[in-house]
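What follows is the residue order along each chain.
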Amino acid sequence: MLCVVENIEDSKMARDIIDGILKFQFVNPQITFGNLVSWIASGAMIFGGIVPYIPQYLEIKRTDNADGFSTYVCLALLVANTLRILFWFGHPFELPLLLQSIIMIATMMAMLQLCTRVNILHDISTKKKRFVDFDRKHFWQWSHFVDYCFFMGTFSLVCGFITFLFSGNSIYVEALGFMAVFTEAMLGVPQFYRNYQNKSTHGMSVKMVLCWLSGDTFKTGYFMVNKAPVQFWVCGMLQISIDIAILLQVCYYGDKPYKKIQRAVPTTPTAEHIS
């Protein structure tokens, strides 16, 4: 009788072990196609945003000339991603989006460091522009990289302190998230306005705009599928609209060089005229 009881208990234990193994396999699935696609999408979301700026970085480094790149692009992305990180503390969202912001900030700081180093080589002015001068005419046109670091550090500390004070206010948190994505969504507006002024898209990289469009389309779809906060995908659609508007300018204006307005240069009287 005791042997029968032991056999029953052994069989129950064996079934429990088998059930546990099956349950473990169900809860912890092996690498599947769905998981692989999800991981690739997350990786593309994290690192895809910096791809358009890699060729620009290499071009500036190769030519030692940063005239074709506006550092205000860096300003917009630095502000937008700093606000997005602060928004995460009040309204946590997908981890890949948080990592994307951190990597984008590092990328823009690297772009600023390179542009500052290149620009100072061609700066013949003896007076250097500094952040501590508080001169609005020279805002974001400083001569040293440390001034950009100082400004971003100050901006982050001030915004972080305000966010700490109002972290329990849902209106403030949602407004912070909207400002983050809206600032980033407006990234293409300066380029659109410049094309309108010049009546030409000459000198603008069409590949860059196409890269913006593909990235913004993927990003907006990612926001919708992963049910990100509404601010994210609404401003994503706004970015797509601006990208398409710039591409329409390419079709309308073409690649013809724009006409520069020649200003009359005052001449000094020569000795012949004086006599």
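Glancing now at the packing of helix α5 (residues 95–122) against helix α6 (residues 145–165). Axis separation between α5 and α6 bottoms out at 9 Å; the angle between their running directions is 150°. Classified by the interaxial angle, the pair formed by α5 and α6 is roughly antiparallel. Residues M109, L112, Q113 and T116 of α5 lie in contact with α6, whose contacting residues are F145, Y148, C149 and M152. A per-class count over the contact of α5 with α6 returns 6 nonpolar, 2 polar and no charged.

Now for the packing of aromatic side chains. Considering all chains together, one arrives at 14 aromatic pairs under this definition. Where W142 meets F151, the ring centres are 5.9 Å apart and the plane angle is 50°; that geometry is what we call tilted. Of the two residues, W142 and F151, neither departs from the other in class, the shared state being buried. Joined through ring pairs, the aromatic side chains of F139, W140, W142, Y148, F151 and F155 make up one cluster. We note K199 situated over the ring of Y196; from NZ or CZ to the ring centre the distance is 4.2 Å.

So, on to the side chain of D243. Tracing the backbone through its elements, the reader meets D243 in helix α10 (residues 230–253). According to the relative accessible area criterion, D243 is buried, its value standing at 3%. Apart from the residues lying within four places of it in its own chain, the contact partners of D243 are V209, W212, L213 and D216.

Thresholds applied
Residues numbered from 1 in each chain as written. Predicted model: local features only at pLDDT ≥ 70, side-chain atom pairs only at ≥ 80, totals over all residues. Heavy atoms only, no water. Axes fitted to C-alpha atoms, helices over the stretch in contact; angles between N-to-C directions. Helix = DSSP H or I, 4+ residues; strand = E, 2+ residues; numbered from the N terminus. Parallel < 35°, antiparallel > 145°, perpendicular 65-115°, else oblique. Contact = heavy atoms within 4.5 Å. Nonpolar A, V, L, I, M, F, W, Y, C, P; charged D, E, K, R; others polar. Phe/Tyr/Trp six-rings, centres within 6.5 Å; stacked < 30°, edge-to-face > 60°. Buried < 20%, exposed > 50% of the residue type's maximum accessible area, 1.4 Å probe, protein only. Lys NZ or Arg CZ within 6 Å of the ring centre and 35° of its normal.

No statement about biological role is implied by the geometric values presented.
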